[in-house]
Amino acid sequence: MKYEKKSQTVSDLQIAYIGGGSRGWAWTFMTDLSMDASLSGCIRLYDIDEEAARKNERIGNHLCAREDAKGKWNFVTCSSLKEALSGCDFVVISILPGTFDEMESDVHLPERLGIYQSVGDTAGPGGIIRALRTIPMFVTIAEAIRDYAPKAWVINYTNPMSLCVKTLYHVFPQIKAFGCCHEVFGTQKVLKGIAEESLGLSNIDRQDIFVNVLGINHFTWFNEASYKGIDLFPVYREFIEQHFEDGYHEPDKNWANSTFDCAHRVKFDLFLRYGLIAAAGDRHLAEFMPGDSYLKDPETVKSWKFGLTTVAWRKEDLKQRLERSNRLAAFEEEIELKPTGEEGIQLIKALCGLTRMVSNVNIPNTYLQSPSLPASAVVETNAVFSRDSIKPLMAGEIPQQVLDLITPHTDNHERVLQAALTCDRALVYEAFLHDPLVKGRASETEIKQLVDDMIANTINYLPEGWKN
């Protein structure tokens, strides 16, 4: 990495992308890189599907060769973690643990006990079993970073976010890792829209909505939100009182036409019950709450105006993205250069010393939030990014009622990490029995049988210890 004082740019930046065959995040990353002239260097793509990485190598190099691309990068495919990591400045991790066949079991097998999941990658049965697949992969990645790139900054985008980051620090306590998630941005956009509608304002920049971030990934909360000195909590409350039944619909979006969109009624209900602004999509928030609330059955989900994202939909979406990958690699389609709304590149620029910014990150809890949470718990909180430095902001206490909702999940993170590291099925039983989505929904015998069947369905992606 070379800092060019005259032009205030950084050149020869070396970034390892683990999961470099991605048909989603990789293109987002490429787009943002190609639109910023202040950074340049090499992106080292590593993926267990090397052919997928080679396609992204072609796509990335073609994109950066375009005249309208300001950022100039060389994309190369690496055949090993050692090759990708050695001497790199940054590591990006964006992987799919297993396939959508395994995820189909994660999400839909629990439905036989009346347990429904709207995402299935973070909390609930799906999040737990996905973690059993993911943690061993992250152990390998953390060991490789320790051995080949101990001073690199590591940015994780993989779910389950909290357990991925927790594993990195467990294996390599000195790692400089953090997790990035855009769910907070989505809630800032909701506040922006409500403020514009309620206050008669226009063209509010999402980043000018200042918030204090508490909680854990996908179960994140704001206890402060303001815009240019205006406290947005009374504005939010008044809007909810007037629009609770209809919810909030983002301009030009209809929640019923997308598996991801919602009317934000779960957020509204949580605000009325607990006094804080829940700061994730309704699909994620619902999975952290008791199973007889927002996810009791498909009819209940529909009444709250969000959707159950089926794995059949994900498989069809992947089919379309594979087709697009072929078109992009054959130069039959071009990536449109427009801002993606992600902040990864801005965070890299700040860590390179080109700027300074505040953003939400997922990092270990030490001294950041409620002392009732263990220091090793991974929390989502604001942090100041500057040259080679992340300084988490003291977020303050989490109100007891909200803390009571969060604690079962941070407790389960401890159980699931140990279960994955030691192949301990009894700890997985405990995690299921303590998960709010599962608790009380079936007998202990039925839940243990569900665990056994879900492990059997993902056994090809688990260590040998699970086969005994």
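Whatever comes next refers back to the structure up there.
Residue numbers restart at each chain and count upward from 1, following the sequence in its written direction. Given that the model is predicted, a residue must reach a pLDDT of at least 70 before its local features are reported, and side-chain atom pairs must reach 80 or more before they are shown or counted; all residues, however, enter totals for whole chains, interfaces and linings. For the side-chain quantities, the full set of heavy atoms in the structure was used; hydrogens and water were omitted.

Chemist: Tell me about the overall build of the chain, and name the residues and values.
Modeler: Check the secondary structure of the chain and you find 16 helices and 14 strands. Only C-alpha atoms enter the radius of gyration, while the globule expectation follows 2.2 Å times N to the 0.38, with N the number of residues. Computed over its C-alpha atoms, the radius of gyration of the chain comes to 22 Å, within 12% of the 23 Å expected for a compact globule of 468 residues. For the C-alpha atoms alone, the extent of the chain along its principal axes is close to 65 × 60 × 45 Å. Burial statistics for the chain: of 468 residues in total, 57% are counted as buried. Comment: elements are numbered from the N terminus, with helices defined as DSSP H or I runs of at least four residues and strands as E runs of at least two. Buried residues are those whose accessible area, probed at 1.4 Å on protein chains only, stays under 20% of the maximum for their type, while exposed residues exceed 50% and partly exposed ones sit between those limits.

Chemist: Tell me about the packing of helix H4 (residues 100-108) against helix H5 (residues 124-148), residues and numbers included.
Modeler: Lines fitted to C-alpha atoms define the axes, with helix axes restricted to the stretch in contact, and inter-axis angles between N-to-C directions lie between 0 and 180 degrees. With their axes 7 Å apart at the nearest point, H4 and H5 run at an angle of 145 degrees to one another. Our pair here, H4 against H5, has a crossing hand that is right-handed. Of the residues in H5, those in contact with Glu-102, Met-103 and Asp-106 of H4 are Pro-125, Gly-126, Ile-129, Arg-130 and Arg-133. Polar here means any residue other than Ala, Val, Leu, Ile, Met, Phe, Trp, Tyr, Cys and Pro, which are nonpolar, and Asp, Glu, Lys and Arg, which are charged; Gly is therefore polar. Counted by class, the contact of H4 with H5 contains three nonpolar, one polar and four charged residues. The sense of a crossing depends on the near helix, which, turned anticlockwise from the far helix by less than a right angle, makes the crossing left-handed and, turned clockwise, makes it right-handed. Should any heavy atoms of two residues lie within 4.5 Å, those residues are counted as being in contact.

Chemist: Report on the nonpolar core, specifying residues and quantitative values.
Modeler: Side chains that are nonpolar tend, in soluble globular proteins, to be buried together. The biggest cluster of nonpolar side chains holds 109 residues, and the ones touching the most others in it are Leu-85, Val-91, Leu-132 and Trp-221. Per element, the largest residue contribution to this core is 11 residues, and it comes from H5. Look past the residues within four positions of Val-91 in its chain and what remains in contact with it is Ala-16, Ile-18, Leu-85, Ile-145, Ala-152, Trp-153, Val-154 and Ile-155. Throughout this description, the term nonpolar core refers to a set of buried Ala, Val, Leu, Ile, Met, Phe, Trp, Tyr and Cys residues connected via side-chain atoms within 4.5 Å. The next biggest cluster of nonpolar side chains, apart from the first, holds 40 residues, and it includes Val-10, Leu-33, Phe-178 and Ala-329.

Chemist: Outline the side chain of Lys-349, listing residues and values.
Modeler: Position of Lys-349 relative to the elements: it lies in helix H13 (residues 344-351). The contact partners of Lys-349, leaving out residues within four places of it in the chain, are Asp-36, Ser-38, Leu-39, Leu-354 and Thr-355.

Chemist: Kindly report on the environment of Gln-242, identifying the contributing residues and their values.
Modeler: Within the element layout of this structure, Gln-242 appears in helix H8 (residues 232-243). For Gln-242, a relative accessible area of 55% puts it in the exposed group. For the pair Gln-242 and Val-171, spaced 71 residues apart in sequence, the C-alpha to C-alpha distance is 50 Å.

Chemist: Requested: an account of the pattern of salt bridges, with residues and values cited.
Modeler: Salt bridge, as used here: a side-chain nitrogen of Lys or Arg that lies within 4 Å of a carboxyl oxygen of Asp or Glu. This structure, assessed with the given rule, holds 26 salt bridges. Put simply, Asp-106 and Arg-133 hold a salt bridge, and the shortest N to O gap is 2.7 Å. Highlighted residues: Asp-106 in helix H4 and Arg-133 in helix H5, separated in sequence by 27 residues. Each member of the pair, Asp-106 together with Arg-133, is buried. The partner of Lys-267 in a salt bridge is Asp-282, and the shortest N-O contact between them spans 3.4 Å. Residue Lys-267 is found in helix H9 (residues 265-274), and its partner Asp-282 is found in helix H10 (residues 282-288); the two are separated by 15 residues along the sequence. A single burial state applies to Lys-267 and to Asp-282, both of which are buried.

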